[in-house]
Amino acid sequence: MIYQHRLKGGEIIVEARIADMLGISRTPLREALQRLEGEGLVAKASNRSFVVRQVDLIEYLQSLKVLEFLEPEAATLAIGRVHQSALCGVRAEIESAKAERKVPPETVLQIEEAVQSLYTDHCGNSALRQTIRALRIATRLFGEMRWSGRREKSFGDHLAIVDALEAEDVKRARRAVQQHLKALHRHGLSLMS
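Residues numbered from 1 in each chain as written. Predicted model: local features only at pLDDT ≥ 70, side-chain atom pairs only at ≥ 80, totals over all residues. Heavy atoms only, no water.

Examining the packing of aromatic side chains
Then step 1. Tallying each qualifying case throughout the model produces one aromatic pair.
Then step 2. Centre to centre, the rings of tyrosine 60 and phenylalanine 142 are 4.7 Å apart; their planes meet at 25°, and the pair counts as stacked. Linking tyrosine 60 in helix H3 (residues 57–78) with phenylalanine 142 in helix H6 (residues 126–142), this pair joins segments that are 82 residues apart in sequence. Like phenylalanine 142, tyrosine 60 is buried.
Then step 3. Positioned above the aromatic ring of tyrosine 3, the side-chain terminus of arginine 140 is 3.7 Å from the ring centre. (Phe/Tyr/Trp six-rings, centres within 6.5 Å; stacked < 30°, edge-to-face > 60°. Helix = DSSP H or I, 4+ residues; strand = E, 2+ residues; numbered from the N terminus. Buried < 20%, exposed > 50% of the residue type's maximum accessible area, 1.4 Å probe, protein only. Lys NZ or Arg CZ within 6 Å of the ring centre and 35° of its normal.)

Some remarks on the UniProt feature "domain: HTH gntR-type" (unreviewed entry) in the protein
Then step 1. The UniProt record annotates "domain: HTH gntR-type" (unreviewed entry) at residues 1–55.
Then step 2. Taken as a whole, residues 1–55 contains 38% helix and 15% strand, while its terminal C-alpha atoms sit 16 Å from one another. (UniProt positions renumbered as here; feature names shortened; annotations may be inferred.)

Quick notes on the environment of leucine 36
Then step 1. Tracing the backbone shows leucine 36 in helix H2 (residues 26–38).
Then step 2. Residue leucine 36 is classed as partly exposed on the basis of its relative accessible area of 23%.
Then step 3. Through-space distance from the C-alpha of leucine 36 to that of valine 52 is 9.4 Å; in sequence the pair is 16 residues apart.
Then step 4. Residues within four places of leucine 36 in sequence aside, it is in contact with Ile2, Leu41 and Val42. (Contact = heavy atoms within 4.5 Å.)

Topic: the environment of leucine 109
Then step 1. Position of leucine 109 among the secondary structure elements: in helix H5 (residues 105–120).
Then step 2. Spatially, the C-alpha atoms of leucine 109 and arginine 140 are 8.1 Å apart, while their sequence positions differ by 31 residues.

Notes on the side chain of glutamate 112
Then step 1. Mapped onto the secondary structure, glutamate 112 falls in helix H5.
Then step 2. Of note is the side chain of glutamate 112, whose polar atom sits 3.0 Å from the side chain of histidine 180. (Polar contact = N/O pair within 3.5 Å; in protein donor to acceptor, adjacent residues only side chain to side chain.)

Shown next, in the form of structure tokens:
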């Protein structure tokens, strides 16, 4: 619900309402909220309730800037470690989405995460992987893929990353990831004008 923006940044989570919607008791919901707090998706409010973390444009842009340094490194470390079947699976997802006339934002986000997971999950550096994931929470909460003008271009970026990983080309992988993140950053900056 948070990632789909059905619960918006800054919104107070009403436990009874969410528990009813999900058809569960409040105890497992509280446990889930504590996990989400640990992941940085929600925070405790002063009245012991939880509030959805709000990410503004500045935090989004700052997170992307840091990711411009970290993610290309993860991609270079993942060279030769990503299984061919994983690459083929992600490529198929991208090609399928490209063939659709209208792609839902959730699908674009799933593809973004699948591509990013190819190199973060196989970089061999758990500290790097965890840092990238923490920063990616901010970008996802801001909703980077909600902007329709970026979706089709992102698919091309994603295919370039998959191609470079598949070719085991360190320079191409680094460049493809950097270019994708810089494009997202430029697009974010355009929202300020």
